[in-house]
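Chain residues, written in single-letter form:
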Amino acid sequence: MENSDIDNNLKNKIYYEKYKNQHAQLNAVLKSMSEGIILVDKNKQIVYQNEFFNNRLFNENGKVTLKTEEDLISFILQVSETTIENVEELFNSEDMYLKFKIKRGNRLKYFRMNKFSVRTETEFIGNGYLLRDITKEEEIDQLKTNLITIASHEFKTPITSIRGSVETLMRQDTNWDEDFKQELLKGIHEDILHLQDLLSVWFDIKKIETGTMSLNKGYFPVHHLISHTLDQIPLGILESNKIQYIENHDVSIPSILYGDKKRLQQVLLNLIMNGIVHNDSPNKMVEITISSDRQFVYIHVKDNGIGISEKHRKKIFDRFFRVDNTPQRKTGGTGLGLSICIGLMREHEGDILVESKPGEGSIFTMKLPIISKGAGDQYES
Amino acid sequence: MSHSIAILDDEPKIVRFIKANLLSLGYKVVTFSDGEQFLNNFDMHELDLVLLDVMMPNMDGFTVLERLRKFSNVPVIILTARSNSNDLIEGFELGADDYLTKPFSLEELFARVKAVLRRTAHLDQTIYENKKVIIGNIDINLAQKRVFVDEKEMHFTNTEYLILEQLAIYADKVVSHEQILVSVWGAEYRNEVEYLRVAIARIRKKLKDAGCKNIANIISTYPGIGYSLVTKNA
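Residues numbered from 1 in each chain as written. Chains lettered and ligands numbered in written order. Predicted model: local features only at pLDDT ≥ 70, side-chain atom pairs only at ≥ 80, totals over all residues. Heavy atoms only, no water.

Caption draft 1: Here's a closer look at the overall build of chain A. Tallying secondary structure elements over chain A gives 11 helices and 12 strands in all. A total of 381 residues make up chain A; the buried ones form 38% of that total. By sequence separation, contacts in chain A at least 24 residues apart represent 58% of the contacts at least 6 residues apart. Carbon and sulfur atoms provide 51% of the accessible area of chain A, an area that totals close to 23,100 Å². (Helix = DSSP H or I, 4+ residues; strand = E, 2+ residues; numbered from the N terminus. Buried < 20%, exposed > 50% of the residue type's maximum accessible area, 1.4 Å probe, protein only. Contact = heavy atoms within 4.5 Å. Areas by Shrake-Rupley, 256 points an atom, 1.4 Å probe, with all protein chains shown as cover.)

Caption draft 2: Representation of the interface of chain A and chain B within the structure. The interface of chain A with chain B comprises 24 residues on the first partner and 25 residues on the second. Buried area between chain A and chain B, both sides added, is near 2,200 Å², and the carbon and sulfur share of it is 62%. Where chain A touches chain B, the interface holds 3 salt bridges. For Asp191 of chain A, the salt bridge goes to Lys13 of chain B, with nearest N and O atoms at 3.1 Å. Run the count over chain A and chain B and you get 8 residue pairs in polar contact (both at pLDDT 80 or more). Among the elements of the structure, α5 (135–170) and α6 (178–210) of chain A are those that each provide at least two residues to the side of chain A that touches chain B. The element contributing the most residues to the side of chain A that touches chain B is α5 of chain A, with 12 residues. Its residues assigned to classes, the side of chain A that touches chain B comprises 5 nonpolar, 11 polar and 8 charged. (Buried area = accessible area lost by both parts, 1.4 Å probe. Salt bridge = Lys/Arg side-chain N within 4 Å of Asp/Glu carboxyl O. Polar contact = N/O pair within 3.5 Å; in protein donor to acceptor, adjacent residues only side chain to side chain. Nonpolar A, V, L, I, M, F, W, Y, C, P; charged D, E, K, R; others polar.)

Caption draft 3: How the structure looks around the packing of helix α6 (residues 158–169) of chain B against helix α7 (residues 177–185) of chain B. Residues and elements named next belong to chain B. α7 packs onto α6 with a crossing angle of 130° between their chain directions and a minimal axis gap of 10 Å. In this view, α6 runs oblique relative to α7, as classed from their interaxial angle. Once α6 is placed against α7, the crossing between them reads as right-handed. On α7, the residues that touch Thr159, Leu162, Ile163, Gln166 and Leu167 of α6 are Gln179, Ile180, Ser183, Val184 and Trp185. By residue class, the composition of the contact of α6 with α7 is 6 nonpolar, 4 polar and no charged. (Axes fitted to C-alpha atoms, helices over the stretch in contact; angles between N-to-C directions. Parallel < 35°, antiparallel > 145°, perpendicular 65-115°, else oblique. Left-handed = near helix turned anticlockwise from the far one by under 90°.)

Caption draft 4: A look at the sheet that holds strand β1 (residues 4–8) of chain B. All names here are of chain B. Spatial strand order, β2-β1-β3-β4-β5: 5 strands in an open sheet with parallel pairing. Looking at strand neighbours, the two that pair on one side only are β2 (28–32) and β5 (98–101), the edges of this open sheet. For this sheet the average axis-to-axis angle between neighbouring strands, irrespective of direction, equals 20°. As paired strands, β1 and strand β3 (residues 49–53) are joined by 4 bridges and run parallel to one another. (Pairing = 2+ DSSP bridges.)

Caption draft 5: Just the pattern of salt bridges, in detail. One pass over the full model with this rule turns up 27 salt bridges over all chains. A salt bridge links Arg112 of chain B to Asp98 of chain B; its shortest N-O distance comes to 3.0 Å. Note that Arg112 of chain B is positioned in helix α5 (residues 106–125) and Asp98 of chain B in strand β5, a separation of 14 residues in sequence. The salt bridge involving Lys145 of chain B is made with Glu165 of chain B; its shortest N-O contact spans 3.2 Å. With Lys145 of chain B in the loop between β7 (138–141) and β8 (146–149) and Glu165 of chain B in helix α6, the pair connects residues that are 20 residues apart, well separated along the chain. In terms of burial, Lys145 of chain B and Glu165 of chain B fall into one category: buried. Through salt bridges with shared partners, a single network forms among Glu190 and Asp191 of chain A together with Lys13 of chain B.

Caption draft 6: Seen up close, the packing of aromatic side chains. All names here are of chain B. Under the counting rule described, the total for this entry stands at 14 aromatic pairs over all chains. Ring centres 5.8 Å apart and planes at 75° place the aromatic pair Phe38 and Phe42 in the edge-to-face group. Each member of the pair, Phe38 as well as Phe42, carries the same accessibility label: buried. Ring centres 4.5 Å apart and planes at 50° place the aromatic pair Phe92 and Tyr195 in the tilted group. Residue Phe92 is found in helix α4 (residues 85–93), and its partner Tyr195 is found in helix α8 (residues 193–209); the two are separated by 103 residues along the sequence. (Phe/Tyr/Trp six-rings, centres within 6.5 Å; stacked < 30°, edge-to-face > 60°.)

Caption draft 7: Inspection of the sheet that holds strand β10 (residues 174–176) of chain B at higher detail. Residues and elements named next belong to chain B. Pairing is antiparallel in the open sheet, where 3 strands are placed in the order β10-β12-β11. Edge positions in the open sheet fall to β10 and β11 (219–222), since each of these has one partner strand only. Sheet twist, expressed as the mean angle between neighbouring strand axes with direction ignored, is 30°. Looking at chain direction, β11 and strand β12 (residues 226–229) are connected through 4 bridges and run antiparallel. Opposite Thr221, over in β12, you have Tyr227 as the bridge partner. Running over the sheet, α6 touches β10, β11 and β12 and is turned about 70° from β12. Those strands touched by α8 are β11 and β12, and its axis lies near 155° from that of β11.

Caption draft 8: Quick peek at the pairing of strand β5 (residues 124–133) of chain A. All names here are of chain A. Note: strand β1 (residues 36–41) against β5, 6 bridges, orientation antiparallel. In the sheet register, Ile37 faces β5, and the bridge partner there is Leu130. Where strand β4 (residues 107–119) meets β5, 9 bridges bridge the pair, whose relative direction is antiparallel. Opposite Met113, over in β5, you have Leu131 as the bridge partner. A loop of 4 residues connects β4 with β5, the two strands running antiparallel in sequence.

So this is what it looks like as structure tokens:
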């Protein structure tokens with residue numbers, strides 16, 4: 001053999017290996033992409049489809065073999081809630097996209113399909129379809145829409161009554177009696193306090209979400225946390241319901257806690273009020289008890305309220321989740337209280353635990369790490 | 001005679017200031033906080049106007065309106081915190097006469113109340129001597145202020161009747177949006193073409209359901225201009 005032949009053979013072999021490697025790399029990339037990809041040739045035959053297509057789109061619909069672009073169209077129409085016009089628009093034009101949703105059990109999955117054409121400088125080779133699971137984005141959009149709807153009602157109601165009451169007082173053509181004027185002013189005052197509460201709820205959510213919640217931690221006696229929280233409950237509610245703290249004299253329970261006392265009071269108050277509000281019993285009752293283990297202190301808030309079904313238990317800490325989210329629901333609230341509570345407990349490296357039996361009541365437990373007090377640390381009252 | 005107005009809202013503070021102000025203007029006022037209770041007691045009051053809140057517990061305002069419209073054409077102003085136009089259209093489609101978006105000013109409240117009551121009063125005052133307009137199986141009796149289809153009487157709300165009346169008075173001529181809006185709703189509504197569009201759709205639907213054929217040609221649309229009641233070739 002001539003030297004140059006050997007040389008050429010070797011070169012070819014190197015090229016071949018290089019090409020094979022590149023091809024394998026490319027295949028691995030396509031295979032592991034977090035998007036689905038389908039390539040269709042000039043004759044509308046499917047020449048490539050990655051695993052995403054099979055796994056994400058098809059798994060619950062059984063294994064489907066798609067051979068042509070036609071198959072793809074009819075498959076999308078079959079599984080999703082979209083119209084033939086939308087699908088045809090995508091397939092008949094260049095560089096379009098289509099959003100569609102697929103029902104998976106109780107959940108809706110959202111997908112976005114983009115079309116792109118594949119060509120060399122001179123020749124049209126075929127089309128590619130890129131499929132992305134946009135369920136997360138859609139759900140965030142949904143949250144934002146909910147936020148606007150809730151803000152609209154929660155904020156507009158007090159503003160309407162403040163505006164109406166103030167304009168009533170401003171009327172110069174009428175003499176209102178003193179009592180009525182006082183009533184209006186009292187109402188305005190209440191509404192302003194309500195708006196302030198709403199605002200602090202929104203700010204808390206924002207702080208927890210962006211990780212900018214700053215805690216003012218210190219040491220304080222357990223019984224202060226409880227008694228100061230009970231002091232914050234409106235008198236009317238305290239008198240008409242049985243809200244009690246049952247002391248535990250077990251010496252192993254730390255009497256001093258470490259954390260942001262105001263914030264922990266906020267959580268405890270929220271849990272107590274939930275026990276009263278979500279409660280249909282004629283004798284509403286909330287019981288507060290304490291227990292501990294080596295690492296954590298547990299503050300239990302037990303009520304005899306409506307309880308929470310298994311199905312809803314995981315979701316109650318989600319923002320805006322309300323078991324009854326219809327405008328006709330009986331109890332108000334922003335659906336933000338518990339999500340702030342759990343956010344605050346997690347900022348404390350703690351948590352909130354839930355046990356519940358529908359119809360019998362729930363126990364919400366604040367779990368707070370025990371951090372023992374050093375010699376130089378000061379109490380906070 | 002002073003007009004009677006019902007306020008239906010679950011927010012006591014809102015009810016309180018609306019009630020006090022309407023009383024001070026010489027209206028009679030009854031208040032309700034629950035839709036069911038309002039519907040059950042409706043017959044006990046001779047109401048000239050209802051102010052109806054949308055977001056209420058137990059039964060929302062749209063449901064109340066839908067049920068109310070099965071037996072009464074009393075004028076209704078919707079109070080809503082949602083300024084979303086779909087909500088407004090839903091309200092009009094169910095037969096509301098007007099709406100107020102929360103928060104509203106007292107001035108706005110007074111103006112809308114007066115405008116709606118004036119529209120209703122207008123219905124009793126103008127007299128057309130024995131004038132009848134007949135289009136196919138539709139018989140509009142302007143003197144009696146009644147409409148018949150195949151000799152069966154139709155039920156229109158005051159607003160709907162007044163629109164039809166305007167079109168009938170000027171039958172076979174094009175009546176402009178503005179003219180209808182001003183004469184039916186009042187001068188301050190001259191640009192609210194959407195109100196008119198929804199009301200016309202309701203009138204057409206009622207006539208169609210009663211057995212009128214070709215209704216889009218009888219009440220015909222002149223886009224950007226107005227509407228015309230066509231009596232010929234029907």
